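# Observations on chain architecture
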Amino acid sequence: MHSSKLNSQIPYRLLLVVIILQTLSHANYLPAWLLSVAAIFSFLVFVSTQWYKRTIHNYLRILLSLSSIVLFLLYFRAKFSVDMAASFLVLAALLKLLEIKMIKDVQVFVFTCLYLSAVSFLFEQGILNLLLQLSSIGTCLYVLFYIQCYEEINNRNGSLETNQIKTLLRLFLIALPFTIVFFLLFPRIAPIWHMPLKQQTTKVGISSDLSPGDISSLAKSSDPAFRVRFSSEVPERENLYWKGLILDYFDGRKWSESISANGFKSKKSISIASQDYIYEIIIEPHQQLWAFALEGSYPRSSNVIQNSKGLIRFNKEIVQPTKYELAFSNENLPKKIDVIPTAYALNLDNPYQIFTRQDLQLPTNNLNPQTKQFVRKLVSESKDSVMLINKILMMFAQEQFYYSLEPGELNDNMVDEFLFQTQKGFCGHYASSMVYMLRLAGIPSRVAIGYQGGDFNQQGGYLLVSQFDAHAWVEFFIKDIGWVRVDPTAMVAPNRILGGSFSALANDPDFSQNNVFTSAASKFGAINWLRLRFDELNYGWQNLVINYHQEQQKKFLESLLGEFSLIKIAMMFVFLSVFLFCVFIFWILFKRFSGYTLAEKKYMLWLLCLEFFGIKRMSGETPRSFLSRVQASKHIYLAKVTAFYTRQLEETEYRGNK
Amino acid sequence: MFISPKNISKWLADKSIRSKNIQLSQKNIYIFPTPLGFSFLCMLAVMLLTAINYQNSLIYLITFFLGSVFVLSIWLCFLNMVGLVVTGESSGRAFQGKPLPFNCKLSRINGLPIGLKLGETSKVALSVSHIIDQDDTCTIQCQPKVRGRHELPSLYLESRYPFGLILAWSWPKVAIESLVYPMPLRADQFVSGFNDGVTNDISLPSFDYNDIREFQTGDSLNRILWKKLASNDQLVVRESDNIVVNPEWLDWDNYEGDLENRLSQLCYEVCRFSNVGASFGLRLPGIEIMPASGKEHTRVCLDNLALFS
């Protein structure tokens with residue numbers, strides 16, 4: 001026999017539901033071949049169990065298993081990553097599904113799927129995924145349950161099953177408060193050993209180098225980048241430059257970070273002035289170390305530090321939504337410089353106010369001759385660097401430059417082609433060509449990238465910064481002022497800064513083309529409203545649940561108990577257990593005494609007390625004869641009380657009108 | 001004997017008093033995780049490690065959820081069993097070497113526990129829904145080695161409701177008695193030795209049937225010659241009154257062998273006579289049962305044989 005009859009105790013259909021839910025929830029990062037393997041396997045199991053009522057033929061099973069294992073080995077080789085581990089688990093569950101014959105197999109399969117639910121949270125932590133996983137866990141538990149009650153369910157046609165499902169749902173409901181208490185109180189400890197965290201998925205987001213077209217691809221995505229909550233009012237929109245990276249190395253095609261920024265400054269002793277702006281950011285996972293911050297901010301939470309260039313960096317790669325807190329003082333806010341349009345002086349007494357030779361680096365080749373000549377001409381025409389910078393900015397404003405997502409291909413002489421031929425580009429083009437020109441003119445400068453602006457959610461009270469807010473701008477260094485931020489894009493498309501990408505690109509058909517939702521959202525108020533509410537929900541979720549870590553737990557417990565101390569925790573535990581014990585006792589008494597009159601209840605309560613003294617009423621013994629037995633014993637006082645309760649009982653029970 | 005929850009509970013249960021009626025309560029229900037439950041706990045531990053190492057709140061959340069479900073299922077498992085009343089029913093009888101039935105009745109107001117298994121020991125527990133009859137009576141079979149009065153050594157009840165992670169079991173000491181009759185053996189079987197054991201059909205050696213008459217209403221069914229009916233469609237009966245003119249005495253002294261052998265032969269003879277409806281008397285040392293016939297008489301004789309010492 002190479003295939004056997006089905007064990008009717010195994011609910012194959014439910015198992016298929018579980019595997020489909022699991023495959024769907026992991027579909028984002030599973031390789032395409034594994035998805036098709038999942039589809040084939042579940043289809044085969046469906047056909048053989050539902051139509052032919054037999055398990056899968058042994059030879060077929062071995063063939064399928066071996067070939068999928070070979071595929072797995074070929075695809076992943078020996079590289080260990082979280083993706084690989086998760087794919088391995090999915091494959092294991094699928095292989096188990098193929099060979100399910102006995103109850104034991106089902107149990108192994110169910111356990112694998114339960115663990116897969118946990119694994120899926122490493123990748124996706126939205127509410128929707130939680131709901132998906134809860135339904136999968138519920139189905140898994142129901143499968144275990146079905147196996148136990150199989151005979152009853154099939155003997156007593158139906159009614160029992162619905163009753164039992166109700167019992168199970170009630171069980172899950174009762175489990176919820178326990179879950180919440182454990183979740184709140186279970187001590188959060190640091191990771192016990194290091195785990196590979198980084199996933200190989202390519203998520204939308206800023207990358208560590210900038211080549212033409214990078215940001216324009218981001219502009220098409222409406223995925224959230226991070227959400228910010230300010231302690232006081234939100235700064236002006238044109239000050240919302242969320243800097244993440246400084247690119248100071250240009251190889252002729254793309255800008256990237258030079259290695260110099262590795263040294264971390266020791267943490268500045270933080271003295272919080274009362275007028276300081278405090279703001280907290282919850283960033284979406286981007287698998288990188290960099291954090292985004294307004295100019296002049298310093299870290300307030302322990303998971304971020306400031307590096308030698310003044311940028312904020314995380315301790316470890318961000319693989320899940322993470323909260324960090326920053327602050328800046330009003331004196332450190334960038335100051336507007338009147339002589340140069342869009343220019344802000346960055347923090348006059350900033351310790352990072354130096355420039356290095358890296359900020360003048362240029363590729364040593366003779367590309368872009370036209371630009372070089374143009375800059376030479378500008379330098380000879382200008383009295384000082386301020387004038388030169390103004391001239392460059394004026395050029396962007398006055399010439400026929402377009403702000404566009406489809407700038408067209410640029411060849412070797414990138415800057416030349418952009419400045420003098422296409423004149424169509426995105427913020428990356430403007431910023432990089434301006435820095436190129438400034439460096440040619442001998443002014444230390446660099447490209448800063450990050451996000452600009454954000455949508456304020458009035459009801460939620462937070463600022464949502466999306467991927468399409470990605471931006472690149474320029475920083476240059478001049479004597480007496482130090483580093484200055486200037487935004488050439490603002491010269492070309494002032495709307496981009498004042499109103500966001502939406503207004504700057506309102507007429508561009510390419511904008512958000514592959515996101516139907518956003519383009520529809522700009523048209524229909526209701527959908528936009530829904531989108532905002534859903535985003536609020538997500539923000540609250542990330543804020544309260546996903547980011548409930550050590551610090552938040554400490555804060556929560558302190559808000560509950562005041563100062564954090566061991567004695568208080570111990571006392572709380574004692575109090576809680578005494579409380580639960582009392583509830584338990586009352587529940588038992590309630591169960592025992594329900595349905596009796598008051599006098600009976602009092603009498604029975606007294607009987608319970610008597611049991612402590614070793615006097616027990618026999619079954620069938622009348623209250624009277626019990627009383628005489630108590631009176632015969634040596635406890636005189638007890639006998640008196642017993643007599644009182646007995647009389648009370650007899651009076652209420654045997655007197656006609658109560 | 002190694003120490004396990006089952007053994008400890010058995011040892012505790014053996015010390016309790018036997019009674020006709022036993023209600024399951026917190027005093028006689030034992031609860032412990034099954035191997036599956038322990039592997040579930042191991043999986044939860046791995047999940048918790050994952051949550052700690054990845055600092056992932058949602059994994060914490062579902063770990064605690066599954067943990068709470070596990071703990072609550074202990075309670076559900078207990079509630080499933082509690083309140084069940086086990087009553088010992090009228091005793092069964094069997095010949096030595098045959099399975100001896102013990103009947104017990106299971107009852108509870110709100111239906112029987114789900115997934116209940118019943119057995120003599122924990123190893124042979126069978127699903128109750130298979131062995132229960134209309135009156136909620138279950139029959140458990142034992143194979144006692146010696147004749148005489150037998151009490152059900154132990155009764156075992158278990159359920160893994162709701163998820164198979166927790167096992168609730170009980171050893172209710174229900175008083176159920178059954179009698180084991182001696183093994184019926186023909187005299188010549190002793191001569192040839194004790195090799196072929198049980199005789200399954202207890203039938204009479206062939207009689208010389210001279211006196212056959214037609215069936216009349218009122219004739220005992222035992223006297224119908226069924227073979228004749230099968231061969232030539234005639235319903236005829238034996239006029240057995242002639243066979244035993246004088247009631248036969250089955251006498252202890254007429255048989256040879258040791259005590260058990262004699263009892264076995266007597267048992268065989270009792271069965272033989274009662275099968276043909278003949279009247280007989282039984283003489284054992286110190287016991288004399290006057291000749292009679294009928295089911296009740298046979299039962300008294302067999303009971304005496306079973307309990308004779």
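Small disclaimer: the values here were computed from a predicted structure and weren't measured. (Residues numbered from 1 in each chain as written. Chains lettered and ligands numbered in written order. Predicted model: local features only at pLDDT ≥ 70, side-chain atom pairs only at ≥ 80, totals over all residues. Heavy atoms only, no water.)

## Quick look at the overall build of chain A
Within chain A one finds 21 helices and 19 strands. By residue count, 51% of the 658 residues in chain A fall in the buried class. A sequence separation of at least 24 residues applies to 71% of the contacts in chain A between residues at least 6 apart. Looking at chain A as shown, the accessible area adds up to about 33,100 Å², and 61% of this sits on carbon and sulfur atoms. (Helix = DSSP H or I, 4+ residues; strand = E, 2+ residues; numbered from the N terminus. Buried < 20%, exposed > 50% of the residue type's maximum accessible area, 1.4 Å probe, protein only. Contact = heavy atoms within 4.5 Å. Areas by Shrake-Rupley, 256 points an atom, 1.4 Å probe, with all protein chains shown as cover.)

## Some words on the sheet that holds strand β7 (residues 298–299) of chain A
The strands that make up a sheet are held in pairs by hydrogen bonds between backbone atoms, and each pair lies either parallel or antiparallel. All names here are of chain A. Read across the sheet, six strands follow the order β7-β10-β6-β2-β17-β16 without closing on themselves; strand pairing throughout is antiparallel. Edge strands, defined here as strands with exactly one partner in the open sheet, are β7 and β16 (455–457). Where β16 lies against strand β17 (residues 462–466), three bridges are found, and the strand directions are antiparallel. Across the sheet, residue Asn 457 finds its bridge partner in β17, namely Tyr 462. The strands touched by helix α16 (residues 525–546) within the sheet are β2 (224–230), β6 (277–283), β10 (322–328), β16 and β17, with β2 carrying the most contacts at an inclination of about 75°. (Pairing = 2+ DSSP bridges. Axes fitted to C-alpha atoms, helices over the stretch in contact; angles between N-to-C directions.)

## Examining the confidence of the model for chain A
Here chain A averages 82 in pLDDT, and 89% of its residues register 70 or above. Note on residues 512–517 of chain A: pLDDT is under 50 here. Beyond four places in sequence and across chains, it has ten contacts. (pLDDT = per-residue confidence, 0-100.)

## As for the packing of aromatic side chains
Residue and element names in this part refer to chain A. Considering all chains together, one arrives at 49 aromatic pairs over all chains under this definition. On the numbers, 6.3 Å between centres and 55° between planes, the contact of Tyr 142 with Tyr 146 is tilted. Of this pair, Tyr 142 and Tyr 146 both sit in helix α6 (residues 127–155), separated by four residues, roughly a single helical turn. Of the two residues, Tyr 142 and Tyr 146, both sit in the buried class. Considering the side-chain rings of Phe 396 and Tyr 430, the 5.5 Å spacing of their centres and the 85° angle between planes classify their relative orientation as edge-to-face. Here Phe 396, found in helix α10 (residues 385–398), pairs with Tyr 430, found in helix α12 (residues 427–440); they are 34 residues apart in sequence, far enough to count as distant. Each member of the pair, Phe 396 together with Tyr 430, is buried. Chaining the aromatic ring pairs together yields one cluster made of Phe 226, Phe 230, Trp 242, Tyr 277, Tyr 279, Phe 292, Phe 328 and Tyr 451. Its end group placed over the ring of Trp 483, Arg 446 keeps NZ or CZ at 3.7 Å from the ring centre. (Phe/Tyr/Trp six-rings, centres within 6.5 Å; stacked < 30°, edge-to-face > 60°. Lys NZ or Arg CZ within 6 Å of the ring centre and 35° of its normal.)

## Comments concerning the sheet that holds strand β4 (residues 93–95) of chain B
Residue and element names in this part refer to chain B. Within the open sheet, the three strands sit side by side as β4-β12-β9. Their pairing is mixed. Looking at which strands have only one partner, the edges of the open sheet turn out to be β4 and β9 (148–151). Neighbour to neighbour, the strand axes of the sheet diverge by 30° on average, direction disregarded. With four bridges connecting them, β9 and strand β12 (residues 177–181) associate as antiparallel partners. Its bridge partner lying in β12, Gly 148 is registered against Val 180.

## Some remarks on the nonpolar core
Phe109(A), Val110(A), Leu114(A), Phe40(B), Met47(B), Leu66(B) and Phe163(B) are the most contacted members of the largest nonpolar core, which totals 119 residues. Filtering out sequence-adjacent residues up to four positions away, Phe109(A) remains in contact with Leu15(A), Val18(A), Ile19(A), Ala93(A), Lys96(A), Leu97(A) and Ile100(A). Counting 77 residues, the second largest nonpolar core, distinct from the first, contains Ile283(A), Leu326(A), Ala345(A) and Leu393(A). (Core = buried A, V, L, I, M, F, W, Y, C linked by side-chain atoms within 4.5 Å.)

## Considering the pairing of strand β17 (residues 287–292) of chain B
Residue and element names in this part refer to chain B. Bridge analysis of strand β16 (residues 280–284) against β17 gives four bridges, and the strand direction is antiparallel. Within the sheet, the bridge partner assigned to Phe 280 lies in β17 and is Ala 292. Between the antiparallel neighbours β16 and β17 lie two residues, among them Gly 286 with a positive phi of about 85°.

## Describing unusual backbone geometry
Cis geometry marks the peptide bond from Tyr161(B) to Pro162(B), where omega comes out at -5°. Tracing the sequence through the fold places Pro162(B) in the loop between β10 (156–159) and β11 (166–170). The backbone phi angle of Gln423(A) is positive, close to 55°, even though this residue is not glycine. Checked against the element boundaries, Gln423(A) lands in the loop between α11 (414–422) and β14 (424–425). Given a relative accessible area of 12%, Gln423(A) falls into the buried group. One non-glycine residue, Gln55(B), lies in the positive phi region at around 50°.

## Side note on the environment of Leu307(B)
Residue and element names in this part refer to chain B. Within the element layout of this structure, Leu 307 appears in helix α8 (residues 295–307). On the basis of relative accessibility, which here comes to 39%, the residue Leu 307 falls in the partly exposed class. Leu 307 sits 128 residues away from Leu 179 along the chain, and the two C-alpha atoms are 8.3 Å apart. Those residues in contact with Leu 307 that lie beyond four places of it in its chain are Arg 147, Gly 148, Arg 149 and Leu 179.

## A word on the pairing of β10(B)
Residue and element names in this part refer to chain B. Because side chains alternate across β10, one face comprises the buried residues Tyr 156 and Glu 158, and the other comprises Leu 157 and Ser 159, equally buried. Bridge count for strand β6 (residues 116–119) against β10 is four bridges, and the pairing is antiparallel. Residue Leu 116 lies in a different strand from β10, and its bridge partner there is Ser 159. In the sheet, β10 pairs with β11 via three bridges, with the strands oriented antiparallel. Paired with Glu 158 across the strands is Trp 169, a residue of β11. Turn length for the β10-β11 hairpin, with the two strands adjacent in sequence and antiparallel, is six residues, and the turn residue Gly 164 shows positive phi of about 80°.

## A look at the state of the cysteines
Simply put, disulfide is the name for a covalent bond between the sulfur atoms of two cysteines. One pass over the structure, following the stated rule, counts zero disulfides over all chains. Cys113(A) carries a free sulfur, and the closest cysteine sulfur to it, the one in Cys140(A), is 5.1 Å from it. Its relative accessible area of 0% is what places Cys113(A) among the buried residues. No disulfide involves Cys271(B); its sulfur sits 4.4 Å from that of Cys267(B), the nearest cysteine. For Cys271(B), a relative accessible area of 8% gives the class buried. (Disulfide = S-S within 2.5 Å.)

## A closer look at the packing of helix α9 (residues 369–381) of chain A against α10(A)
All names here are of chain A. Where α9 contacts α10, the axes come no closer than 9 Å and their chain directions differ by 130°. Taken together, the axes of α9 and α10 are oblique relative to one another. The two elements α9 and α10 meet at a crossing, and its hand is right-handed. Across the interface between the two elements, Phe 374, Leu 378, Val 379 and Glu 381 from α9 touch Met 387, Leu 388, Lys 391, Ile 392 and Met 395 from α10. Residue composition of the contact of α9 with α10, by class: seven nonpolar, no polar and two charged. (Parallel < 35°, antiparallel > 145°, perpendicular 65-115°, else oblique. Left-handed = near helix turned anticlockwise from the far one by under 90°. Nonpolar A, V, L, I, M, F, W, Y, C, P; charged D, E, K, R; others polar.)

## Description of the packing of α9(A) against α11(A)
Residues and elements named next belong to chain A. In the contact formed by α9 and α11, the axes pass within 7 Å of each other and the chain directions differ by 65°. Taken as axis vectors, α9 and α11 run roughly perpendicular relative to one another. Where α9 abuts α11, its residues Pro 369, Gln 370, Thr 371 and Phe 374 lie against Val 415, Asp 416, Leu 419 and Phe 420. When the residues that make up the contact of α9 with α11 are grouped by side-chain class, the tally is five nonpolar, two polar and one charged.

## Considerations on the confidence of the model for chain B
All names here are of chain B. When pLDDT is averaged along chain B, the result is 80; 88% of the residues meet or exceed 70. When pLDDT is averaged over each element of chain B, helix α2 (residues 35–54) comes out on top at 94 and helix α5 (residues 187–191) at the bottom at 55. Predicted complex metrics record ipTM = 0.76 and pTM = 0.76.

## Re the interface of chain A and chain B
Contacts between chain A and chain B engage 51 residues on the former and 42 residues on the latter. Buried surface at the junction of chain A and chain B, both sides included, amounts to about 4,500 Å², of which 75% is carbon and sulfur. Counting the surface chain A buries against chain B, the share from its top three residues, Phe111(A), Tyr115(A) and Leu171(A), is 13%. Linking chain A with chain B are zero salt bridges. Counting the contacts that link chain A with chain B gives eleven residue pairs in polar contact (both at pLDDT 80 or more). Elements with a contribution of two residues or more to the side of chain A that touches chain B: α5 (103–123), α6, α7 (159–185) and α16 of chain A. Looking at the side of chain A that touches chain B, the element that brings in the most residues is α7(A), giving 13 residues. Of the residues that constitute the side of chain A that touches chain B, the class distribution is 36 nonpolar, eleven polar and four charged. (Buried area = accessible area lost by both parts, 1.4 Å probe. Salt bridge = Lys/Arg side-chain N within 4 Å of Asp/Glu carboxyl O. Polar contact = N/O pair within 3.5 Å; in protein donor to acceptor, adjacent residues only side chain to side chain.)

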